[in-house]
Amino acid sequence: MTYRDATGSRGTSPDRTERELREALAALAGGVQAAPDAYRTARGEWLRRERRRRLVLAVLVMVVFALATLIGLWVLNQAPADPGVVFSGTGSSAGVSLRPHP
């Protein structure tokens, strides 16, 4: 199936339109002048953004690590001071005792 213009033919074909558009874009692109240090400037900006991203990531990792450490220490500090049932030595499971014998 080919595309046909619904407005009728007024002397324009797809090939002619494509050719004229190509010529117009080539003329427009030919008039663009790049700055002499454009690459160096763009590369410098990219490297600055990359350094900033890495710095932000490093700070974020340090904050998460410090927060996890503080939460872990707080949880360990909330543990009861008494030895608990597991280490009481009152149970006689196969005669094994966790307390040292005098």
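Model, not experiment: these values are computed from the prediction.

Trainee: Sorry, what's going on with the overall build of the protein here?
Mentor: Helices and strands together make up the secondary structure of the protein, namely 2 helices and 0 strands. Burial statistics for the protein: of 102 residues in total, 1% are counted as buried. About 10,100 Å² of surface is accessible on the protein, with carbon and sulfur atoms providing 65% of the total.

Trainee: Can you walk me through the pattern of salt bridges in this structure?
Mentor: Should their charged atoms come close, side chains of opposite charge can pair. Following the criterion strictly, the structure yields 5 salt bridges and no others. Across the pair R53 and E50 runs a salt bridge, and its minimum N-O distance is 2.7 Å. Here R53 pairs with E50, and both are found in helix 2 (residues 38-77), just 3 residues apart, close to one helical turn. One salt-bridge network, in which partners are shared between bridges, spans E50, R53 and R54.

Trainee: Would you explain a nonpolar patch on the surface in this entry?
Mentor: On the surface, L55, V59, M62 and V63 cluster together into a nonpolar patch covering about 390 Å² of accessible area. Classification of V59 by relative accessible area gives partly exposed; the value is 41%.

Trainee: Mind showing me how you'd approach a positive patch on the surface here?
Mentor: Residues R48, R49, R51 and R52 make up a contiguous surface patch of positive charge. Position of R52 among the secondary structure elements: in helix 2. Judged by relative accessible area, R52 falls into the exposed class, the value being 61%.

Reading guide: rules and limits
Residues numbered from 1 in each chain as written. Predicted model: local features only at pLDDT ≥ 70, side-chain atom pairs only at ≥ 80, totals over all residues. Heavy atoms only, no water. Helix = DSSP H or I, 4+ residues; strand = E, 2+ residues; numbered from the N terminus. Buried < 20%, exposed > 50% of the residue type's maximum accessible area, 1.4 Å probe, protein only. Areas by Shrake-Rupley, 256 points an atom, 1.4 Å probe, with all protein chains shown as cover. Salt bridge = Lys/Arg side-chain N within 4 Å of Asp/Glu carboxyl O. Patch = residues over 30% accessible without salt bridge, like charges linked within 9 Å, V, L, I, M, F, W, Y side chains within 5 Å. Lys, Arg positive; Asp, Glu negative; His and termini not counted. Charge placed at Lys NZ, Arg CZ, Asp CG, Glu CD.

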